[in-house]
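Observations on chain architecture
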Amino acid sequence: MVKGEYQKTELGTPQGGNLSPLLSNIMLNELDKELEARGLNFVRYADDCIIAVGSSAAANRVLNTVTKWIERKLGLKVNATKSKVTRPTRLNYLGFGFVKMDGRWECRPYEDSVRKFKAKLKRLTRRSWSIDMDTRIQMLNAVIRGWVNYFRIGKMKSKLGEIDGHLRTRMRIVIWKQWKTSEKRFWGLRKLGVPQWMAKKTVGFGDHYQAVAKTGGAS
């Protein structure tokens, strides 16, 4: 609508926009009914859909017939590069991967999702970034809470333990650099309850950040 008047447009809604999932659900409601009528096991979020079948032959057949149905009945163009037949262990759906454990399929954060999460944490824990610690922690908490809440239904305890250990090491490095002087570093360690002999030893590492972060005194 331009100046109160409707104008024809060939463009769709922006990808990732707030309206896009709603319009997808409205448009693809008929697809849900069709898949249910065929007795297929499926899950769909907006325009992202998985159909589970028992064999590669069945998967190729369903992909072909459903694609034709969508294009003929709904007038939509199916993205051939994104539509594919694959095994569950190679599937990435909404950031989740899948693994079979004790005879059951379990979901977990896909490796790409974990890699992007680590990259965000790495950006927020750069020691060269001049920002006060309270603000840094606030930003880290927002990213961590958001990621954990999104993937909370998945198996990720061991992965989070690994990430937590690495994050703590990086935060020690940030604090060590902010303390700057030997006197401030010694004072900070002693305030944290580190024995005097260990505090002196740790301060002696100077700006060897990795060595400092992994010593008992800085832990």
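Owing to the predicted nature of the structure, the values given are computational and were not obtained by experimental measurement.

**So, the side chain of D32**
- Inspection of the secondary structure assignment puts D32 in helix α2 (residues 29-37).
- Residue D32 is classed as buried on the basis of its relative accessible area of 15%.
- The residues touching D32, leaving out its near neighbours within four places in the chain, are F42 and R44.

**Observations regarding the pattern of salt bridges**
- According to the stated counting rule, one finds nine salt bridges in the structure shown.
- A salt bridge links E162 to K118; its shortest N-O distance comes to 3.0 Å. Pair noted here: E162 is in helix α6 (residues 157-179) and K118 is in helix α4 (residues 111-124), with a separation of 44 residues, a long-range link.
- Its relative accessible area of 44% is what places E162 among the partly exposed residues.
- One salt bridge connects K159 with E162, and the closest N-O pair in it is separated by 3.9 Å. Of this pair, K159 and E162 are both found in helix α6, three residues apart, which corresponds to roughly one turn of the helix.

**So, the packing of α6 against helix α7 (residues 182-191)**
- Between α6 and α7, the least distance of the axes is 8 Å, while the angle of their chain directions is 130°. As far as their axial angle goes, α7 and α6 are oblique. Of the residues in α7, those touching α6 at W176, K177 and W179 are K184, R185, G188 and L189.
- For the contact of α6 with α7, a count of residues per class yields three nonpolar, one polar and three charged.

**Observations concerning the pairing of strand β2 (residues 48-52)**
- With five bridges joining them, strand β1 (residues 41-45) and β2 adopt antiparallel strand pairing. Within the sheet, the bridge partner assigned to R44 lies in β2 and is C49.
- The loop that links β1 with its antiparallel partner β2 comprises two residues; one of these, A46, has a positive phi angle of about 55°.

**Remarks on the environment of V114**
- Following the sequence through the fold, V114 ends up in helix α4.
- Residues V114 and K73 lie 41 residues apart in sequence; the distance between their C-alpha atoms is 39 Å.

**Digging into unusual backbone geometry**
- Located in the positive-phi region is D102, a residue other than glycine, with phi close to 55°.
- With respect to the helices and strands, D102 occurs in the loop between β3 (96-101) and β4 (104-109).
- Look at K180: it is not a glycine, yet its phi comes out positive at around 65°.
- Residue placement: K180 occurs in the loop between α6 and α7.

**What about the nonpolar core?**
- Core analysis: the biggest nonpolar cluster contains 15 residues, and L121, L140 and W147 have the highest contact counts within it.
- Not counting residues within four places of it along the chain, the set of residues in contact with L121 comprises L140, V143, I144, I163 and L167.

**Some points on the packing of α7 against helix α8 (residues 196-203)**
- Look at α7 against α8: their axes get within 9 Å of each other, and the N-to-C directions meet at 145°. Judged by the sense of rotation from one axis to the other, the crossing of α7 with α8 is right-handed. Across the interface between the two elements, S182, R185, F186, L189 and R190 from α7 touch Q196, A199, K200, T202 and V203 from α8.
- Looking at the contact of α7 with α8 residue by residue, the classes come out as four nonpolar, three polar and three charged.

**Digging into the environment of R108**
- By secondary structure assignment, the location of R108 is in strand β4.
- In sequence terms R108 and L40 are 68 residues apart; their C-alpha atoms lie 24 Å from each other.
- Sequence-distant contacts of R108, defined by excluding residues within four places in its chain, comprise G95, F96, G97, V99, G154 and K155.

**Some details on a positive patch on the surface**
- A cluster of like positive charges, contributed by K116, K120, R123 and R126, occupies part of the molecular surface.
- Structurally, R126 is set in the loop between α4 and α5 (133-150).
- According to the relative accessible area criterion, R126 is partly exposed, its value standing at 35%.

Thresholds applied
Residues numbered from 1 in each chain as written. Predicted model: local features only at pLDDT ≥ 70, side-chain atom pairs only at ≥ 80, totals over all residues. Heavy atoms only, no water. Helix = DSSP H or I, 4+ residues; strand = E, 2+ residues; numbered from the N terminus. Buried < 20%, exposed > 50% of the residue type's maximum accessible area, 1.4 Å probe, protein only. Contact = heavy atoms within 4.5 Å. Salt bridge = Lys/Arg side-chain N within 4 Å of Asp/Glu carboxyl O. Axes fitted to C-alpha atoms, helices over the stretch in contact; angles between N-to-C directions. Parallel < 35°, antiparallel > 145°, perpendicular 65-115°, else oblique. Nonpolar A, V, L, I, M, F, W, Y, C, P; charged D, E, K, R; others polar. Pairing = 2+ DSSP bridges. Core = buried A, V, L, I, M, F, W, Y, C linked by side-chain atoms within 4.5 Å. Left-handed = near helix turned anticlockwise from the far one by under 90°. Patch = residues over 30% accessible without salt bridge, like charges linked within 9 Å, V, L, I, M, F, W, Y side chains within 5 Å. Areas by Shrake-Rupley, 256 points an atom, 1.4 Å probe, with all protein chains shown as cover. Lys, Arg positive; Asp, Glu negative; His and termini not counted. Charge placed at Lys NZ, Arg CZ, Asp CG, Glu CD.

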